[in-house]
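# Observations on chain architecture
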Amino acid sequence: MLKINGERLWASLMAMAEIGATARGGSCRLALSDEDKAGRELFAHWCREAGMTLSVDAIGNLFARRAGSDPDAAPVMMGSHLDTQPEGGRFDGVYGVLAGLEVVRCLNDQNIQTRKPLEVAVWTNEEGARFTPAMFGSAVFTGIMDLNAALAVRDVDGISVAEALQRTGYAGERPLGGAVDAYFEAHIEQGPILEDNAKSIGVVTGGQAIRWLDVRVEGMAAHAGTTPMPLRKDALYGVARMIQAIEGLAADFAPEGLTTVGELSINKSSRNTIPGLVNFTVDLRHHRDDAIAAMEQQVRARLQAIADGRGLNLRITPHWICPATPFDAECVAAVQEAVDALGYAQQSIVSGAGHDAIHLARYCPTAMVFIPCVGGLSHNEAEDVLPEDVKQGSDVLLNAVLARAGRIEQGV
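Per an unreviewed UniProt entry, the chain carries the name Zn-dependent hydrolase and comes from Pseudomonas fitomaticsae.

Put into structure tokens, the structure is as follows:
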């Protein structure tokens, strides 16, 4: 079994972390920002040094290709993303990109050729922190989202994706989509399960279902000092009860059911005005599609009951739906066989977070490799991993990809 150069990979991770570095040790590279562009350019520089060719498609996805012996074969693809949360960590996404590069570097070191080409992908806007929805680079690539719809999305400053692509120079000409033999993505777990179970590798069998809802609650704005409590239609007090109900719902679908209210805004808020309009978001997750559908139904019923009881108007709008996604059995088996041969501590796991691999799984055979993160912490500047786990996850990626791509010769 081959093994990667762990020190080189770690050095690459630390060099990338310097781009958009935050005061508390994290990273801020919002999608298609100057920092994201700088990160892509550093990655591209390393890829050219490794003898790879580069291309960019119309949504800004960046691909680095290592030729195979069969020019007609579809590539085995690796990758993830370089964009981050506003106060993100140094490893979320970037690990999968640089682990893919390290696979290529290792094969170069060993003079190993593959029959199928290899590609490392940097997907645009995986995080969804600047533009929504999340993961639309891979969604456009796979045909899940229309290109023009994605290009028209604007950030909070009114800048469209099309404008950001032009400004950064990443409005590419590579055709969208194309044949992909298989896709493998290495990633930090972003949760505590592997660390709690003292496992170095998670063999990911699929991704859980996700539903995002936008909720609008309208009451009546009024004076805080002259309106008796029984006569108020306070939208925020109503929302407070709704959020409690959403939290309580998770217990009815435990342990897989998860609920989160991540954004809340009070329209034209003022210290001495009763809130008349409040908007908030709901994030629902579960391993099964039937369960998450039941969760959404319960959210709608419970929130409507609260609204009716308080004289509030309620509107719930679906924002994004991602069904539960099983990964390809053969690709998962390749990951399992690699980790078994390497002898690393491992377990099967379902991805709790959304990843580009979820979109790719509907397009081509796909699998993921997870490594632990310290304390299960992610989307946080304190996000951290152990160098040995980084190396072991990349060793698994290397051998799984090599088995899929076909090792045809080895020089001395």
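Another point: the pairing of strand 13 (residues 277-286). With nine of its ten residues buried, strand 13 lies for the most part within the structure. Note that strand 10 (residues 258-260) and strand 13 share three bridges and pair antiparallel. Bridge assignment links leucine 258 to a residue of strand 13, and that residue is arginine 285. Bridge count for strand 11 (residues 264-266) against strand 13 is three bridges, and the pairing is antiparallel. Directly across from leucine 264, in strand 13, lies its bridge partner phenylalanine 280.

Let us look at helix 8 (residues 235-252). One turn of the α-helix equals 3.6 residues, which is why residues spaced by three or four share an orientation. Look at helix 8: 26 Å from first C-alpha to last across 18 residues, which is about the 26 Å you get at 1.5 Å a residue. Taken residue by residue, helix 8 has Ala235, Gly238, Val239, Met242, Ala245, Ile246, Leu249 and Ala250 as its buried positions. Angular distribution of buried residues about the axis of helix 8 spans 150°; they occupy a single face of the element. Exposed residues on helix 8 whose side chains face more than 90 degrees from its buried face are Gln244, Glu247 and Ala251. Looking at the buried positions of helix 8, the neighbouring elements they touch are strand 8 (209-218), strand 10, strand 11, strand 13, helix 9 (289-310) and strand 14 (313-322).

Counting residues in each nonpolar core, the largest one holds 96 residues, and the members touching the most others are Phe43, Leu98, Val161, Phe184 and Val396. Counting residues per element, this core draws most heavily on helix 3 (residues 94-109), which supplies ten residues. Setting aside residues no more than four positions away along its own chain, valine 161 makes contact with Leu32, Ile59, Phe131, Phe136, Ala150, Leu151 and Val153. The next biggest cluster of nonpolar side chains, apart from the first, holds 25 residues, and it includes Val217, Val239, Phe253 and Val278.

As a further point, take the environment of glutamine 298. Within the secondary structure, glutamine 298 sits in helix 9. Placed 53 residues apart in sequence, glutamine 298 and alanine 245 show a C-alpha to C-alpha distance of 9.6 Å.

Conventions and cut-offs
- Residues numbered from 1 in each chain as written.
- Predicted model: local features only at pLDDT ≥ 70, side-chain atom pairs only at ≥ 80, totals over all residues.
- Heavy atoms only, no water.
- Buried < 20%, exposed > 50% of the residue type's maximum accessible area, 1.4 Å probe, protein only.
- Helix = DSSP H or I, 4+ residues; strand = E, 2+ residues; numbered from the N terminus.
- Pairing = 2+ DSSP bridges.
- Expected span 1.5 Å × (residues − 1).
- Arc of directions from axis to C-beta.
- Contact = heavy atoms within 4.5 Å.
- Core = buried A, V, L, I, M, F, W, Y, C linked by side-chain atoms within 4.5 Å.

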